[in-house]
Amino acid sequence: MTRQAADLPAAGLTGRVTELDFLRGFFGQAVVSGGALLLTGDPGVGKTALLNALADAASAAGTMVLRVVGVEFDTDVSFSGLNQALFPLAGDLGELDAAHRDALRVALGFGAGPAPDRLLVSSAALALLRHVAARGPLLLIVDDLPWIDRASAGVLGFVARRLVGSRAGLLAACRTGAQSYFDRAGLPEYELKPLHDAAAAELVDARFPGLDPLVKSRVLDVARGNPLALLELPQALTDAQRSAAEPLPSVLPLGERLRELFTSRVARLPPATRALLLLAALEGTGDLRVLRAAVGRDDLLDDLAPAERDQLARIDENSRQVTFRHPLIRSAAVEASTASERRRAHQALAAVLADQPERRALHLGEACVEPDEEVASLLDEAAHRILARGDYPAAVAMLTRAADLSPGAAERSRRLAEAAYIGAEAIGEMRSAAQLLEGMRQAGPQASDPLHYAPAAMFVMLNGDGHVDTVHRLLTGAIEGGGHRYEAGDTVLVNALWSLAMTCWLGGRRELWDPFYTALARLSPAPPPLLALNIDLFADPARTGAAALPRLEAALRTVHQEADPNVIENVAGAAMYADRLAEVREPLWRSVRRGREGGLGRRHLVALMDLCTDDFHRGEWGEAAELAAEGLRVSEERGGRFFGWYFRYHQALLAAVQGRFGTSRALAGQIIGWAGPRGVRTAQVFAHQPLVLADLGQGDFESAYQHATAMSPAGTLASHVPHCLWVVMDLVEAAVRTHRQAEAERHVQAMAEADIAALSPRLAILAAASAAIAAADEQAPALFEQALSLPTVDQWPFDGARVRLAYGERLRRARAAAESRIHLQAALAAFQKLGAAPWAARAERELRATGRTRMPPAAARAAAALTPQELQIARLAASGLTNKQIAERLFLSPRTVGGHLYRVFPKLGITSRAALRDALDAVDDSLAPRPLGRGLQVGGPPVERPPRGAGVRFAQRDGGGPAGREAGQDR
Ligand SMILES: Nc1ncnc2c1ncn2[C@@H]1O[C@H](COP(=O)(O)OP(=O)(O)O)[C@@H](O)[C@H]1O
Ligand SMILES: [Mg+2]
């Protein structure tokens, strides 16, 4: 019998009783029936410390514990993480069936053989873990998940979902919001929160017994329960500061502060120490032998001493490794260096890694600035070794890097061709690419031209976790180096250009488009019309779309007779930002039906995407949900995993507008995390839209503004970021609600200058409504009327209802209650019909408020009775801020804020925080009208008042608001 981990205490941890209990609970469950858990939390919050405690407890209870740690700047050698994890089980490989055994041997570098399929490696790893767990409980602990190499992360993600029913558990730690190749969708997560106040104080007392009490309270205040900060902040102070003989520096946000703290501490070290830390950071494993060789001296103790003294790094004499106190210090060591220092460090490492050709080649590749055939050929060789392990994306990335570094055109093109071929050959995962490739094989003997393979390679690469920039290099290399003459009739070339356009779009950065436009301009006699049309309306429609509309009209007139699904797909692409998808619906449905009957998966997916988009805008949300679910299923089943993000985006959109905020944010977070390491910036841009809508639905206008401007800054419609067109009105509304009148006006101006109204009827409505929202009270009504009188307003029920809501809100504040009720009623009915719950609630609240057209006597008395400061505090509390937040803003103590609120309640005749908002609305009404450009100004820091308009109310939350909280009680 093994002892249960729960019997054992945790050594060395302050606080964390509940957290450790929870993890032990997971562990206890996992060793009986299997399972996986993701531990998330801020850097330094104590994830690693907790994993250590659990690992100790588990080992003591007789469980076999396997551990693996991801390392930033490790040169992403494929399967190095899996090797680390499974190495102790090498002796069990022989127990697997032959296919699994061989696949794992090759992947882990224990043996040679044909490159194993990724799925096979994954199921082999699972089989191995299950096999060993059958003998006795097993726990696999993965720390710093985002830095695990791509190939291993894929396998671990697969395994994590399939441990149920075994006696093996997988516990992985990951920084909140970090991006990774590990697919976390659907895995249970546990967020590690900061330490409670008492535990934080205890930790500081234990480590810094002599700290001045006032300094200590500042440290506690700034660190907010983050153990790393609690330990670091006092450490970074001078003796004089610690004893309060000298004042402390001013406050910074913690994340930035910690990084800055480390970077400045690394920067202060002597040059030799910094150089050593940089080497150790870039080397990855901390292997003392390698570092000694790279420095050229045996005795590194003197060099390292200052870093040890400062508790940044130390030498572990047992494992013969240099270890960093925290991964943030590793980052700081790199951040504190110059590009040429980094190049020299890579060079030195390459020179001593002669026995590890892959790592050597990668370091050399990093060290190179000029083309160099020797390095290129080493990378080339290393790519083939990696290929043997079946890591296609890494092999292609290495080969394209080799091509970049090739001085000769012939070598360059050969390497590109091979990269493209490998990309395309690694099929199996994606049928349409296989068929494409087969078609090309049959097409003729020019098969060595990368141009033939590059488009197929694109899909395979993207689907297999390749990076957009690698694909981009591959395609531009193939196009620029091809033996063609830029003839517009050259279908191979034109296909490659389509693929390049898609890649540029996904990358979402202006500069990616340059080589595309260059090639397009060289096509003779002229670019193919459909390609040109698509580019004008899809790449940067804000600038080039409107001029292309006559050509779109022509294409739309014939698309219903079109049989070629490729043409249908591309006309639909051109119609998307012009909001003309409705006219392609019927042909798109044909593609869907063909897909359902077993046709090409990719066509099916793209048609589903377009239909989802059209459904969302037309308020057909039920169908949108069905099609998004179908899209996700098809993308999994038919090997188009890459496209999953688009359907998750639609699910996130729907969840946001329907008030399922948690789901929406989780999906958006998944997309953002997935897209980051792959360079798919467009997916990230898309994912911000549901975040904007969720924030608006919850009345968090500040956050909505942040997300909207992350897509494109206020005052610009970012070049080649077409999706920013879809949040123009959201941005303006959020800006006005957060008193950023100038930003709102600049954005309206940008819409007018780009004349987005000419591009699409829907955008025309959004542009007019945006102008109305940002306008002064006198101009607003006419502008709202104009927006609502535009011809297609009834075709976009959600957009239309939002315009009516904004109009109604504005009218109500202008005391036109009867008129405002008409628009609010219409908005309410539309939101209810759509199922847009948070929006319906907002319309309802506004409607209720229209009931008070005259100043109620109680409100009049209240307005007179409140002191300016009480009114100010009451307003902030009504906006949903906690006492602590209000205190920070007004430089008061939370206790004082509570005291004020206790006095405010009876004056307003209310008994709860929840009633504040309505009471203040009444006060607002009693105080109107006010001059434009100035709110109810009271002394002290800025009050939460809009700069313009009468009585625009504060941020409101539909859920999680201040309801039921008493005045003095903080949240
Ligand atoms: N509960 C705790 N009690 C004492 N020290 C802790 C505690 N949690 C974390 N630490 C210390 O704080 C520092 C940061 O913790 P760590 O586990 O590395 O954070 P993370 O892995 O979340 O980035 C480490 O030095 C660790 O030993
Ligand atoms: Mg950690």
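Let me sum up the structure you'll find in this document. Computed from a predicted model, the values in this text were never measured in an experiment.

Let's talk about the pattern of salt bridges
Move 1: Counted according to the given criterion, the structure contains 46 salt bridges.
Move 2: One salt bridge in this structure joins glutamate 487 and arginine 485, with 2.9 Å as the shortest N-O distance.
Move 3: The class of glutamate 487 is partly exposed, set by a relative accessible area of 36%.
Move 4: Where arginine 810 meets aspartate 777, a salt bridge forms, and the shortest distance between an N and an O atom there is 2.8 Å. Here the residue arginine 810 occupies a position in helix α42 (residues 797-813), and aspartate 777 occupies one in the loop between α40 (761-774) and α41 (780-788), the gap between them amounting to 33 residues.
Move 5: Judged by its relative accessible area of 16%, arginine 810 falls in the buried class.
Move 6: Within the structure, one salt-bridge network assembled from shared partners comprises Asp730, Glu733, Arg737, Arg802, Glu809 and Arg842.

With respect to helix α4 (residues 98-107)
Move 1: Among the residues of α4, those classed as buried are His100, Ala103, Leu104, Val106 and Ala107. Viewed end-on, α4 has its buried residues packed into an arc of 165°, placing them on one side of the element.
Move 2: Structurally, α4 contributes buried residues whose contacts are with α3 (80-86), α5 (118-135) and α18 (373-388).
Move 3: Phi for glycine 109, located one or two positions after α4, is positive at around 80°.

Here's the deal with the site of ligand 1
Move 1: Residues in close proximity to ligand 1 total 18 residues, the closest being Gly44, Lys47, Thr48, Ala49 and His326.
Move 2: The backbone of glycine 44 places a nitrogen or oxygen atom 2.7 Å from an oxygen atom of ligand 1.
Move 3: Take histidine 326: an N or O atom from its side chain is 2.6 Å from an oxygen atom of ligand 1.
Move 4: The protein chains hide 88% of the 560 Å² of surface that ligand 1 would expose on its own.

Focus: the packing of aromatic side chains
A ring pair, where both rings are aromatic, is described by two values, the distance of the centres and the angle of the planes.
Move 1: Counted according to the given criterion, the structure contains 23 aromatic pairs.
Move 2: Both rings, one in phenylalanine 784 and one in tyrosine 807, keep their centres 4.8 Å apart while their planes meet at 15°; by these two values the pair is stacked. Placement of the pair is phenylalanine 784 in helix α41 and tyrosine 807 in helix α42, with a sequence separation of 23 residues. As far as the burial class goes, phenylalanine 784 and tyrosine 807 line up, both buried.
Move 3: A connected cluster of aromatic rings, assembled from ring pairs, spans Trp505, Phe538, Tyr577, Trp645, Tyr646, Phe647, Tyr649, Phe686 and Trp726.
Move 4: Above the plane of the ring of phenylalanine 158 lies arginine 162, whose end atom (NZ or CZ) is 3.7 Å from the centre.

A closer look at the environment of glycine 489
Move 1: With respect to the secondary-structure elements, glycine 489 resides in the loop between α23 (468-481) and α24 (491-507).
Move 2: Expressed as a C-alpha distance, the spacing of glycine 489 and proline 525, which sit 36 residues apart in the sequence, is 9.0 Å.

Re the packing of helix α36 (residues 701-711) against helix α37 (residues 728-737)
Move 1: Axis separation between α36 and α37 bottoms out at 8 Å; the angle between their running directions is 140°. Regarding the angle of α36 to α37, the classification is oblique. The crossing of α36 and α37 is left-handed. Contact with α36, carried on its side by Phe701, Ala704, Tyr705, Ala708 and Thr709, involves Leu731, Glu733, Ala734, Ala735 and Arg737 of α37 and no other residues of that element.
Move 2: Here the contact of α36 with α37 is composed, by residue class, of 7 nonpolar, 1 polar and 2 charged.

Details of the pairing of strand β1 (residues 35-41)
Move 1: With respect to burial, β1 is a largely interior element, 7 of its 7 residues being buried.
Move 2: Burial along β1 is two-sided: the residues Gly35, Leu37, Leu39 and Gly41 and Ala36, Leu38 and Thr40 are all buried.
Move 3: By the bridge criterion, 7 bridges tie β1 to strand β4 (residues 168-175) in an arrangement that is parallel. Among the inter-strand pairings, alanine 36 is bridged to a residue of β4, identified as leucine 170.

Scoring rules and cut-offs
Residues numbered from 1 in each chain as written. Chains lettered and ligands numbered in written order. Predicted model: local features only at pLDDT ≥ 70, side-chain atom pairs only at ≥ 80, totals over all residues. Heavy atoms only, no water. Salt bridge = Lys/Arg side-chain N within 4 Å of Asp/Glu carboxyl O. Buried < 20%, exposed > 50% of the residue type's maximum accessible area, 1.4 Å probe, protein only. Helix = DSSP H or I, 4+ residues; strand = E, 2+ residues; numbered from the N terminus. Arc of directions from axis to C-beta. Contact = heavy atoms within 4.5 Å. Near = heavy atom within 4 Å. Polar contact = N/O pair within 3.5 Å; in protein donor to acceptor, adjacent residues only side chain to side chain. Areas by Shrake-Rupley, 256 points an atom, 1.4 Å probe, with all protein chains shown as cover. Phe/Tyr/Trp six-rings, centres within 6.5 Å; stacked < 30°, edge-to-face > 60°. Lys NZ or Arg CZ within 6 Å of the ring centre and 35° of its normal. Axes fitted to C-alpha atoms, helices over the stretch in contact; angles between N-to-C directions. Parallel < 35°, antiparallel > 145°, perpendicular 65-115°, else oblique. Left-handed = near helix turned anticlockwise from the far one by under 90°. Nonpolar A, V, L, I, M, F, W, Y, C, P; charged D, E, K, R; others polar. Pairing = 2+ DSSP bridges.

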